[in-house]
Amino acid sequence: SGPTKPLGPVRREAGDGAFSSAEILAMLRPRLEPPRETGHLGTGPRLRAYQEEAVGALLEHESFLLADELGTGKTVTACAALHRLVSQGEVRRALVICQESAKAHWARCLNEWAPGLVGAQVDGEPSGRSHAWNTTAHLIIVDYPTLSDDVRSGRLAGAGLEWDLVILDDALAARRRAIQPIPEYERLQGRRRWSLSSVVPQRAEEWLTIFLFLTPGRARGGAATLPDLERRFLPETLHRSKADLAGELPPITRDRIWVDLDRRQRVPYWEILEEQRQ
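Residues numbered from 1 in each chain as written. Predicted model: local features only at pLDDT ≥ 70, side-chain atom pairs only at ≥ 80, totals over all residues. Heavy atoms only, no water.

Take Asp150: it is sitting in helix α6 (residues 144-153). On the basis of relative accessible area, Asp150 is assigned to the buried category, the value being 0%. (Helix = DSSP H or I, 4+ residues; strand = E, 2+ residues; numbered from the N terminus. Buried < 20%, exposed > 50% of the residue type's maximum accessible area, 1.4 Å probe, protein only.)

Set out below in structure tokens:
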């Protein structure tokens, strides 16, 4: 037979048709192939010292907010920590909830920093998402609107709400855009709960937004002034700015791709660019 294409760790689940042999193998891999340790065999990438510190903090706490500044590698850190938990048998099913635009980034980081782990993305038409939720994978990646829709509709219910680890990515930004007063992700059950944010909460309601999910019992009790919440939750928070890590960060690199836009494309382009700047 001709050459076969290697299986990537992240697959998109579509409809309920027949499975190919590659799909069957991908679903079996979590049970057949124990994950390898990353960065210790001289063949893979190594975490930087400040990322190792963050991995240690995540592993030490079942509930934790990693709030390092944008561009310091929080997704890489979370994937490396997940890889170690799966390797130790402490996590079998993990869920990442992120912005739609961040799903590809999570897939790339999982591929590079968590070798041997299998991931799947939940997206596409509602009719095909029930199967995606039940796929055999170490990590499921879903965006906030899709999760909310599937929880409200019952496509994700019962045992489907139970996870070994739930990671909220960019939760503050997602909460600001939410329409529902109580976000659907608060209905998820997870023994371990982590949140990633590029900023430390600045207001009392922002601390509560994060920790009502991370530590719901503690967040609902006691005083709710900003100083009280900071004293309560800072021990479970890690924040470093780029200035703090200036000696450890890699050099900045830029990849430029020039695209010609026609007249119809320029208007929405500038509208989206202005929205992102805001």
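Turning our eyes to something else, we now look at the layout of surface pockets. Of the pockets and cavities examined, the largest pocket occupies roughly 1,200 Å³. The wall of the largest pocket is formed by 37 residues, among which Leu70, Gly71, Lys74, His105 and Ser198 lie closest to the centre. At the level of elements, α2 (49-60), α3 (74-87), α4 (103-113), α7 (171-177) and α11 (263-277) are the ones that each hand at least two residues to the lining of the largest pocket. Top contributing element to the lining of the largest pocket by residue count: α7, with four residues. Residues that form the lining of the largest pocket fall into these classes: 15 nonpolar, 13 polar and nine charged. (1 Å grid on protein atoms, 1.4 Å probe; cavity = no way out; pocket = protein on both sides within 12 Å on 5 of 7 lines; lining within 4 Å. Points joined across faces, edges and corners; volume = space filled by probe spheres on them. Nonpolar A, V, L, I, M, F, W, Y, C, P; charged D, E, K, R; others polar.)

Bringing the pattern of salt bridges into the picture now. Side chains carrying opposite charge are able to pair once their charged atoms draw close together. What the rule picks out here adds up to 18 salt bridges. For the salt bridge of Glu62 with Arg191, the shortest nitrogen-to-oxygen distance reads 3.4 Å. Of the two residues, Glu62 is situated in the loop between α2 and β2 (63-66) and Arg191 in strand β7 (residues 189-196); the sequence distance between them amounts to 129 residues. The partly exposed category is assigned to Arg191, whose relative accessible area is 40%. The salt bridge partner of Arg240 is Asp68, with a shortest N-O separation of 2.8 Å. Of this pair, Arg240 sits in the loop between β8 (237-238) and α11 while Asp68 sits in the loop between β2 and α3, and the two are 172 residues apart along the sequence. Among the charged side chains, a salt-bridge network with shared partners connects Glu100, Lys103, Asp123 and Asp143. (Salt bridge = Lys/Arg side-chain N within 4 Å of Asp/Glu carboxyl O.)

On to the packing of aromatic side chains, then. The final tally for this structure, using the stated rule, is seven aromatic pairs. Considering the side-chain rings of Trp207 and Phe233, the 6.5 Å spacing of their centres and the 25 degrees angle between planes classify their relative orientation as stacked. You can see Trp207 sitting in helix α8 (residues 204-214) and its partner Phe233 sitting in helix α10 (residues 226-233), a full 26 residues away along the chain. Overall, the relative accessible area of 0% leaves Trp207 in the buried class. (Phe/Tyr/Trp six-rings, centres within 6.5 Å; stacked < 30°, edge-to-face > 60°.)

Everything listed here is a matter of geometry and, on its own, says nothing about what the molecule does.
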